Amino acid sequence: MKFKKTAQIIDLLIDNKENILDVWLSSKETQNILNAYDIEIDTFRTPFATQLFDCYLDQILGKNNLQDCSVIPAYIKLMLKHHATPDKIFLLPIELENSILKSFFANNLSDYEIYIETNQLTKYTLQATLTEFQKIFNDQKQENIYHNAILETTNDGYWMADMSGNLLEVNSSYSKMSGYSIDELLTMSIQNVEAIESEEETKKHIEHIIQYGNETFETIHIKKNGERYPVEVSVSFSEIEGGRFFVLVRDISERKRDEKELLLSSKVFSNMTDGVVITDSAQHILKVNNSFCKTTGYTEKELLGKSPNLLSSGWHDKEFYKQMWEEISGKGSWQGEIVDRKKNGETYISETSIVAIKKDDEITNYIAISSDISHKKEQEQIINNLAYYDALTKLPNKILFQERFENYVSLAKRHQKQIALLFIDLDNFKNINDTLGHLVGDQFLKDAAMRIKSILREEDTVGRFGGDEFAILVQNWHSLSSLGTLAQKIIDIFKQPFLLESTEFFSGASIGISIYPDDAQTYDEMVRLADTAMYHVKNQGKNNYEFYSSSMNTSIAEKMQILTALHTALENNEFHLTYQPKINIDTNTVYGMEALIRWIHPKLGFISPEIFIPKAEDNGHIYNIGLWVLEKALEDTKKLHDSGFNDLTVSINISSKQLEQNCFLDDFRKIIDKVGLKREFIDLEITETQVMNNIESSLDILRQLSALGIKMSIDDFGTGYSSLNYLKQLPASTIKIDKSFVLDIDKDENDKAIVSSIIALSQSLNKNIVAEGSETEEHIKILKELGVNQVQGYFYSKPLKFEEFESFLKEFR
Ligand SMILES: Nc1nc2c(ncn2[C@@H]2O[C@H](COP(=O)(O)O[C@H]3[C@@H](O)[C@H](n4cnc5c(=O)[nH]c(N)nc54)O[C@@H]3COP(=O)(O)O)[C@@H](O)[C@H]2O)c(=O)[nH]1
């Protein structure tokens, strides 16, 4: 600290010399002497005395040696001239021994009576006074040292200002703070450092402080470089020396910054969308933010002091929480998802981070930041469902099915077990879909999925591969026969009719089974082999199951060969027709024949129409094949007519794929015109399913054919879903009962009943009945009893080559 007047202690003493002199003069001893010698006190207030006294003090304080006090003789002379007279004593309150003054007095003042003898007493008195003063001074000096030390040590700035605001004392902290040097500050006033108060305001402020003695307030000060900074000012006022302000100035820039940050943090805390909970080390909630209250439904009051356990949903086991707390104490933090419970009992998924706050290695608090991610989870679930589940049946899709397979494989490897993959293809889905529309088709698939699921264990997986294809993964099975039992169960549940739009529909299931790891070790291969086995079943007559065997691969290869061979079969003349007679059992006469195509491939041998017709339909070859059959059958029949069998009607199978072609009618007309067979002897057989699949366009073309004088039969009747309304409108003259009902008519009462009702229906619609599949005498007998008079079947003849048929006709006559 620097004082304005002087830093020297001696100066302080000199400043107080008047007091010392006063004390000395007023002391009893001095008074006695003065009285005794009638000395005027003023004598001691002359400049000479004062100067002499100064020198003396200097000597006492060790500042100066009195001998060096060269001014003294001049002053003594002056004093003698003006004041001292020989009759008046001059009391020197000083020790003259060893002093330059001694010789001076001896030489110059011999004329004066000098009462040296009083010196001792005076000296003593003055010395006592000085000692007392020195004590006071020392105390004051000590105080000043403390004062100085305090004010120099503190980081706060210090001023002392007078009533006008002039700075009289300043410490170095304020100098540092303001950027002004101390000397600069001591020439300045409060106004020069105050940034926001006007002179008038400062004046009012000062008046206020004077009135109340002290005040603490915040204001802005301005540095030498013009920068403004916030300060906290503590002022006290003292009336000493005409009024002094003692001011402590604290730079509060950092505090203001902290306050700002705190305010910001508090705003962030309150406005965070994430919920925040702060607990003490014993997990008592100390603070929560608005978001947390909003999410949980609890008020802050309800939560404070409680444990976050309050939100526990019971969803997680003890192990979960144990691991969580172990991680917090080990790593200092934990992150994860917790299912919590709201005040209203509703559970929600919270994504939570918990951090342990430590001080000196001791945990003082825990902070948990959480957000309700239930909605996000739901969205994820929806996305997951879309990605992994079939939207219609809610069964796993191909992707998830494959994932499950891989999981099962890793388990199977560990426990040396096997996995079975059952590939299921349903019958009739296409018909249902095409006939009744997609909504009913969808319902069928949903019901089918439910049926399959209902007989599986939780640990097995059923997935939908698309269309009417389903697949099952079975783990933990013990024998192939147990798999066979399961496959048979599936087939059996599909024997039960499906009730769709109040109507019963029949389906069926063909199942192929592959085994991991015996048949294949990869997913793709497992699916391929099960699919192969399933096709094998289909080709063998459907509604069955088969385990994959390597020989099946050969038949698949054959199928590929068939497809290739079909392209050139017609131009290579590999087709021929057979004729199966139709018999009137009442008259026992042959009234017609069905033309049935045969394909004998030079390498592959006989290929059944049941195999190649669907393929020809799929790849478009059916149109030309169909025209060839038509022309050939008409030519053969014409020949028979020409040879005398002129009442025979030829039945020709027509695929709906042929009818779909716009040129069919023209081409048909051209052929019948070309061949010249009378139109009334032509009967076109079209299956019930194919007609009903596209009833409107079928009705149209069948009416046009009928208009040409062509007869029509509905083939395979009973296997499709004829609407009575459409049946009435069909220009068909004959209904052919499917052989599947006739073959067991002597054994199965149901089949008999079905045949009986088809007959009744035909009669009511005024249509002829033909029963195909009549293999035995018993069949013929029953059919006759039921009122059927036209039959076709092995009982009379298998399909025959043209020449054989001719012979048959001749023999039958
Ligand atoms: N679009 C065309 N389809 C045709 C043509 N030729 C035949 N086909 C269809 O192929 C399917 C299989 O026919 P196929 O192997 O010729 O079998 C026929 C008969 O052999 C058989 N049948 C006749 N009687 C009996 C019997 O007593 N028992 C028994 N198990 N089978 C018998 O039935 C088939 C005749 O069926 P359908 O046509 O329904 O009257 C078959 O669907 C043919 O339609 C063709 O040129 N074009």
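Calculation criteria
- Residues numbered from 1 in each chain as written.
- Predicted model: local features only at pLDDT ≥ 70, side-chain atom pairs only at ≥ 80, totals over all residues.
- Heavy atoms only, no water.
- Helix = DSSP H or I, 4+ residues; strand = E, 2+ residues; numbered from the N terminus.
- Buried < 20%, exposed > 50% of the residue type's maximum accessible area, 1.4 Å probe, protein only.
- Contact = heavy atoms within 4.5 Å.
- Areas by Shrake-Rupley, 256 points an atom, 1.4 Å probe, with all protein chains shown as cover.
- pLDDT = per-residue confidence, 0-100.
- Expected span 1.5 Å × (residues − 1).
- Arc of directions from axis to C-beta.
- 1 Å grid on protein atoms, 1.4 Å probe; cavity = no way out; pocket = protein on both sides within 12 Å on 5 of 7 lines; lining within 4 Å.
- Points joined across faces, edges and corners; volume = space filled by probe spheres on them.
- Phe/Tyr/Trp six-rings, centres within 6.5 Å; stacked < 30°, edge-to-face > 60°.
- Lys NZ or Arg CZ within 6 Å of the ring centre and 35° of its normal.
- Salt bridge = Lys/Arg side-chain N within 4 Å of Asp/Glu carboxyl O.
- Near = heavy atom within 4 Å.
- Polar contact = N/O pair within 3.5 Å; in protein donor to acceptor, adjacent residues only side chain to side chain.
- Nonpolar A, V, L, I, M, F, W, Y, C, P; charged D, E, K, R; others polar.
- Core = buried A, V, L, I, M, F, W, Y, C linked by side-chain atoms within 4.5 Å.
- Pairing = 2+ DSSP bridges.
- Axes fitted to C-alpha atoms, helices over the stretch in contact; angles between N-to-C directions.

An unreviewed UniProt entry lists the chain under the name EAL domain-containing protein, with Sulfurimonas marina given as the organism.

How should I be thinking about the overall build of the chain in this particular structure?
When helices and strands are counted, the chain shows 33 helices and 27 strands. Residue burial in the chain is summarised as follows: out of 813 residues, 45% are buried. Pairs at least 24 residues apart make up 59% of the contacts formed inside the chain by residues separated by at least 6 positions. Total accessible area on the chain is roughly 42600 Å²; 49% of this is exposed by carbon and sulfur atoms.

Even after reading the chapter, I still don't get the confidence of the model for the chain, so can you show me in this structure?
Note that predicted coordinates carrying low pLDDT should not be read in detail. Looking at the chain as a whole, its pLDDT mean stands at 82, while 80% of the residues score no less than 70. Long-range and interchain partners of residues 1-14, a stretch whose pLDDT sits below 50, account for 27 contacts in this model, where long-range means more than four residues apart. Predicted confidence is poor over residues 60-130, with pLDDT under 50, and the contacts of this stretch with residues over four places away or in other chains come to 118 contacts. Two summary scores accompany this predicted model of the complex, namely pTM at 0.45 and ipTM at 0.95.

Quick question: what am I supposed to make of helix 26 (residues 664-675) here?
Residues separated by three or four positions in an α-helix point in the same direction, a consequence of the helix having 3.6 residues per turn. Between its first and last C-alpha, helix 26 extends 16 Å over twelve residues, near the 16 Å set by a 1.5 Å rise per residue. Among the residues of helix 26, Phe664, Leu665, Asp667, Phe668, Ile671, Ile672 and Val675 are the ones counted as buried. Projected down its long axis, helix 26 shows its buried positions confined to an angular sector of 165°, all on one face. Among the exposed residues of helix 26, those pointing more than 90 degrees away from its buried face are Lys670 and Lys674. Looking one or two residues beyond helix 26, the residue adopting positive phi is Gly676, at roughly 85°.

Honestly, empty space enclosed by the protein in this entry has me stumped. Any pointers?
Counted under the stated rule, the structure contains six cavities of 30 Å³ or more. Computed from the structure, the largest cavity encloses a volume of approximately 140 Å³. Lining the largest cavity are 15 residues, and of these Ile190, Thr202, Ile209, Phe217 and Val235 sit closest to its centre. Elements represented by at least two residues in the lining of the largest cavity include exactly helix 11 (199-212), strand 3 (214-222), strand 4 (228-238) and strand 5 (244-251). By residue number, the principal contributor to the lining of the largest cavity is helix 11, which donates four residues.

Help me out: how do you make sense of the packing of aromatic side chains in this one?
Centre-to-centre distance and the angle between the planes together describe a pair of aromatic rings. If you walk through the whole model with that rule in mind, you get 25 aromatic pairs. Ring geometry for Phe405 and Tyr523: centres 5.5 Å apart, planes at 55°, overall tilted. Within this pair, whereas Phe405 is found in helix 17 (residues 398-415), its partner Tyr523 is found in helix 21 (residues 523-539), the two being separated by 118 residues in sequence. Taking the relative accessible area as the measure of exposure, Phe405 reaches 1% and is therefore buried. Measuring from ring centre to ring centre gives 5.3 Å for Trp599 and Phe612, while their planes differ by 80°; the resulting arrangement is edge-to-face. Here the residue Trp599 occupies a position in strand 19 (residues 589-601), and Phe612 occupies one in helix 23 (residues 609-619), the gap between them amounting to 13 residues. The pair Trp599 / Phe612 is uniform in exposure class, with both members buried. Linked through ring pairs, Tyr579, Phe795, Tyr796, Phe802, Phe805, Phe808 and Phe812 together constitute an aromatic cluster. In this structure, Lys342 packs its charged tip against the face of Tyr348, placed 5.5 Å from the ring centre.

What should I look at first to understand the pattern of salt bridges in this one?
The final tally for this structure, using the stated rule, is 33 salt bridges. Residue Asp156 pairs with Arg250 through a salt bridge whose shortest N-O separation is 2.7 Å. Taken together, the residues span a long stretch of sequence, with Asp156 in the loop between helix 7 (119-153) and strand 1 (157-162) and Arg250 in strand 5 at a distance of 94 residues. Among the residues examined, Asp156 registers a relative accessible area of 12% and is labelled buried. Its relative accessible area of 39% is what places Arg250 among the partly exposed residues. Measuring nitrogen to oxygen at the nearest pair gives 2.4 Å for the salt bridge that ties Lys674 to Glu631.

I would appreciate a short explanation of the site of the ligand in the present structure.
In the neighbourhood of the ligand, 22 residues make up the surrounding shell, with Gln580, Glu594, Asp716, Glu772 and Glu775 lying closest. Between the ligand and Asp715, the relevant distance is 3.0 Å, taken from an oxygen atom to a side-chain nitrogen or oxygen of the residue. Within the side chain of Lys736, one N or O atom sits 3.0 Å away from an oxygen atom of the ligand. Within the complex, the protein chains bury 87% of what would otherwise be the 810 Å² of accessible surface of the ligand. Every element with two or more residues in the shell around the ligand is listed here: strand 19, helix 23 and strand 23 (711-717). Ranked by residues supplied to the shell around the ligand, first place goes to strand 19 with four residues. Considering only residue class, the shell around the ligand consists of seven nonpolar, five polar and ten charged.

Would you mind going over the side chain of Asn171 with me for this structure?
Tracing the backbone through its elements, the reader meets Asn171 in the loop between strand 2 (167-170) and helix 8 (172-178). Here Tyr158 takes part through its backbone nitrogen, which lies 2.8 Å from a polar atom of the side chain of Asn171. Contact partners of Asn171, with chain neighbours within four places excluded, come to Leu151, Glu152, Thr154, Asp156, Gly157, Tyr158 and Ile182.

Even after reading the chapter, I still don't get the environment of Gly718, so can you show me in this structure?
For Gly718, the position within the fold is in the loop between strand 23 and helix 29 (724-729). Here the alpha-carbon distance between Gly718 and Lys739, two residues 21 residues apart in the chain, equals 9.6 Å. Not counting residues up to four positions away in its chain, the partners in contact with Gly718 are Glu688, Phe741 and Ile758.

Looking at this structure, how should I read the nonpolar core?
Where a protein is soluble and globular, its nonpolar side chains tend to be buried together. Leu634, Phe668, Leu684, Leu705 and Phe805 are the most contacted members of the largest nonpolar core, which has 79 residues in total. The dominant element in this core, judged by the number of residues it contributes, is helix 24 (residues 622-642), at nine residues. Leave out the neighbours within four places in its chain, and Phe805 touches Tyr579, Pro581, Val590, Gly592, Met593, Leu640, Leu648 and Leu800. One finds Phe429, Trp477, Ile490 and Ile493 within the second-largest nonpolar core, a separate group that totals 33 residues.

So what exactly am I meant to see when it comes to the sheet that holds strand 13 (residues 469-475) here?
To summarise the sheet geometry, strands pair through backbone hydrogen bonds and adopt either a parallel or an antiparallel arrangement. Sheet architecture is open: five strands sit in the order 12-13-11-16-17, paired in mixed fashion. On the outer flanks of this sheet lie strand 12 (461-466) and strand 17 (545-547), each paired with one strand and no other. Geometrically, the sheet is characterised by an average inter-axis angle of 20° between neighbouring strands, direction not taken into account. With eight bridges connecting them, strand 11 (residues 419-426) and strand 16 (residues 509-516) associate as antiparallel partners. Among the inter-strand pairings, Leu422 is bridged to a residue of strand 16, identified as Ile513. Helix-sheet contacts for helix 21 involve strand 11, strand 12, strand 16 and strand 17, and the interaxial angle to strand 16 is about 145°.

Please explain the sheet that holds strand 1 as it appears in this structure.
As summarised here, the arrangement of the five strands in space is 2-1-5-4-3, forming an open sheet in which the pairing is antiparallel. Taken across any chain shown, the strands that pair with only one partner, and hence form the sheet edges, are strand 2 and strand 3. Averaged over all pairs of adjacent strands, the angle between their axes in this sheet comes to 30°, without regard to strand direction. Each of strand 3, strand 4 and strand 5 touches helix 11; the most contacted strand, strand 3, lies at about 155° to it.

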